[in-house]
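As a plain string of letters, each chain reads:
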Amino acid sequence: MILADKIVQLRKKNGWSQEELAAQLNVSRQAVSKWEGAQSVPDLDRILQMSALFGVTTDYLLKDEMEVEQPASGKDSELRRVRLDEANAYLAWRERASLRIAVATFLCILSPIPLLMLSAASQVEGWGISENQAAIAGLIVLLLAVAAAVALFIACGSRNAPYEFLEKEAFETEYGVEGMVRERQRAFRSSYARGNILGTCLCILAPVALLVGAFSRDDFLTVAMLCVTLLIVGVGVMIFISVGVRWAAMQRLLQEGEFSAVERGANRFKEAVGVAYWLVATAVYLA
């Protein structure tokens, strides 16, 4: 019973749900639930994993009494260690997250298109759309698209919670992790380069449609070409994000590039500036 209470206490202290702890230990949620309900006892391997995961000694977990947490001693406990299964799970999740983040960003970029097109259509005789109808319908679609995008962003952020320590703390990787990540990085390097080239070319060429519309005398065509420009930019940004998130995950595990120990402090300042910038940009965009 004491072990069950300790598992619950340590899990809640780390802010993890049963599902998140199960993912860390590579077991089912039902197994964690049984441990916490004192219906079963984790095996020795899981005890050792929890000791490393929670940063406490195995004695603390196994003693049949509640006492002050005993942090694991020695050099190995100074930094959190990332296991091979954790690294694999993290890379698999970031691959899925890259698509969700890309789709959410795509929705944000495309959200004004219905409003622009309906507003332009309301100026064309014979379409039978008033300006008020166009504005209301366009704003509704815009808000729905932004709401869907925000929901995806929040869901990704919540699902990424167990791996936040990779971004905020120094850590070590167990044997085999670095080799596995470098192998994946080598295999993905060509796709990463192609994605950046294609995304850059699309963003550079996107204004061509807008220029075509600008030289026409048709206002509706001009707005339509603006929407095409947004669509092309959206596709380019999607490609950037889908490859960039995966590449960043590998660099984060290797602690290289902008995720190295040297750059970690500078990144905090950049993130603070970035948050302020995007808050202002969002306010201007909504205005």
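Residues numbered from 1 in each chain as written. Predicted model: local features only at pLDDT ≥ 70, side-chain atom pairs only at ≥ 80, totals over all residues. Heavy atoms only, no water.

Once that is clear, we can look at the pattern of salt bridges. With the rule as written, the count across this model stands at eight salt bridges. One salt bridge connects Glu19 with Arg29, and the closest N-O pair in it is separated by 3.9 Å. On the criterion of sequence distance, the pair formed by Glu19 in helix H2 (residues 18-25) and Arg29 in helix H3 (residues 29-36) is long-range, its members being ten residues apart. Residue class for Glu19 comes out partly exposed when judged on its relative accessible area of 47%. Arg182 is the partner of Glu256 in a salt bridge, and the nearest nitrogen-oxygen pair spans 2.4 Å. Of the two residues, Glu256 sits in the loop between helix H12 (219-254) and helix H13 (261-286) while Arg182 sits in helix H10 (residues 177-205), which places them 74 residues apart along the sequence. One connected set of salt bridges, linked through shared partners, spans Arg83, Asp85 and Glu86. (Salt bridge = Lys/Arg side-chain N within 4 Å of Asp/Glu carboxyl O. Helix = DSSP H or I, 4+ residues; strand = E, 2+ residues; numbered from the N terminus. Buried < 20%, exposed > 50% of the residue type's maximum accessible area, 1.4 Å probe, protein only.)

A separate point is the packing of H2 against H3. Where H2 contacts H3, the two axes come as close as 8 Å, and the packing angle between them is 110 degrees. In terms of their interaxial angle, H2 and H3 are classed as roughly perpendicular. Contacts between H2 and H3 involve Gln18, Glu19, Leu21, Ala22 and Leu25 on the former and, on the latter, Arg29, Val32, Ser33, Trp35 and Glu36. Looking at side-chain class alone, the contact of H2 with H3 contains five nonpolar, two polar and three charged residues. (Axes fitted to C-alpha atoms, helices over the stretch in contact; angles between N-to-C directions. Parallel < 35°, antiparallel > 145°, perpendicular 65-115°, else oblique. Contact = heavy atoms within 4.5 Å. Nonpolar A, V, L, I, M, F, W, Y, C, P; charged D, E, K, R; others polar.)

Attention now moves to the environment of Ile47. Residue placement: Ile47 occurs in helix H4 (residues 44-54). On the basis of relative accessibility, which here comes to 2%, the residue Ile47 falls in the buried class. On a C-alpha basis, the gap between Ile47 and Leu25 in space is 9.8 Å, while along the polypeptide they are 22 residues apart. Beyond its immediate stretch of four places on either side in the chain, Ile47 contacts Leu3, Pro42, Thr58, Leu61 and Leu62.

It is worth spelling out the packing of aromatic side chains at this point. Using the criterion set out here, one finds three aromatic pairs in the structure. For the ring pair Tyr90 and Tyr163, a centre distance of 5.1 Å and an interplane angle of 55 degrees mean the geometry is tilted. With a gap of 73 residues between them, Tyr90 in helix H6 (residues 84-110) and Tyr163 in the loop between helix H8 (131-159) and helix H9 (165-168) connect regions that are remote in the sequence. Like Tyr90, the residue Tyr163 is buried in the burial classification. Between Phe165 and Phe171, the ring centres sit 6.4 Å apart and the planes meet at 80 degrees, which makes this aromatic pair edge-to-face. The class for Phe171 is buried, based on a relative accessible area of 3%. It is Arg80 that lies over the ring of Phe165; its NZ or CZ is 3.8 Å from the centre. Geometry around Trp93 places Arg159 over its ring, the cationic atom sitting 5.0 Å from the centre. (Phe/Tyr/Trp six-rings, centres within 6.5 Å; stacked < 30°, edge-to-face > 60°. Lys NZ or Arg CZ within 6 Å of the ring centre and 35° of its normal.)

This part takes up a nonpolar patch on the surface. A cluster of nonpolar side chains, namely Ile204, Leu205, Val208 and Val212, defines an oily patch on the protein surface of about 380 Å² accessible area. Put simply, the parts of the chain that give the nonpolar patch at least two residues each are H10 and helix H11 (207-214). Inspection of the secondary structure puts Val208 in helix H11. For Val208, a relative accessible area of 46% translates into the label partly exposed. (Patch = residues over 30% accessible without salt bridge, like charges linked within 9 Å, V, L, I, M, F, W, Y side chains within 5 Å. Areas by Shrake-Rupley, 256 points an atom, 1.4 Å probe, with all protein chains shown as cover.)

The next subject is empty space enclosed by the protein. Applying the stated criterion across every chain yields a total of one cavity of 30 Å³ or more. When its volume is computed, the largest cavity comes out at roughly 60 Å³. Lining the largest cavity are Gln49, Ala52, Leu53, Arg80, Arg81, Arg83, Glu86 and Glu174. A per-class count over the lining of the largest cavity returns two nonpolar, one polar and five charged. (1 Å grid on protein atoms, 1.4 Å probe; cavity = no way out; pocket = protein on both sides within 12 Å on 5 of 7 lines; lining within 4 Å. Points joined across faces, edges and corners; volume = space filled by probe spheres on them.)

As a further point, take H12. Think of an α-helix as turning once every 3.6 residues; residues three or four places apart then point the same way. Its 36 residues give H12 an end-to-end C-alpha distance of 52 Å, which sits within 8% of 52 Å, the value for a rise of 1.5 Å per residue. The distance from a side-chain oxygen at the start of H12 to the backbone nitrogen of Phe220 is 2.9 Å, and the residue carrying that oxygen is Asp218. Downstream of H12 by a residue or two, Gln255 has a phi angle that is positive, lying close to 55 degrees. (Expected span 1.5 Å × (residues − 1). Polar contact = N/O pair within 3.5 Å; in protein donor to acceptor, adjacent residues only side chain to side chain.)

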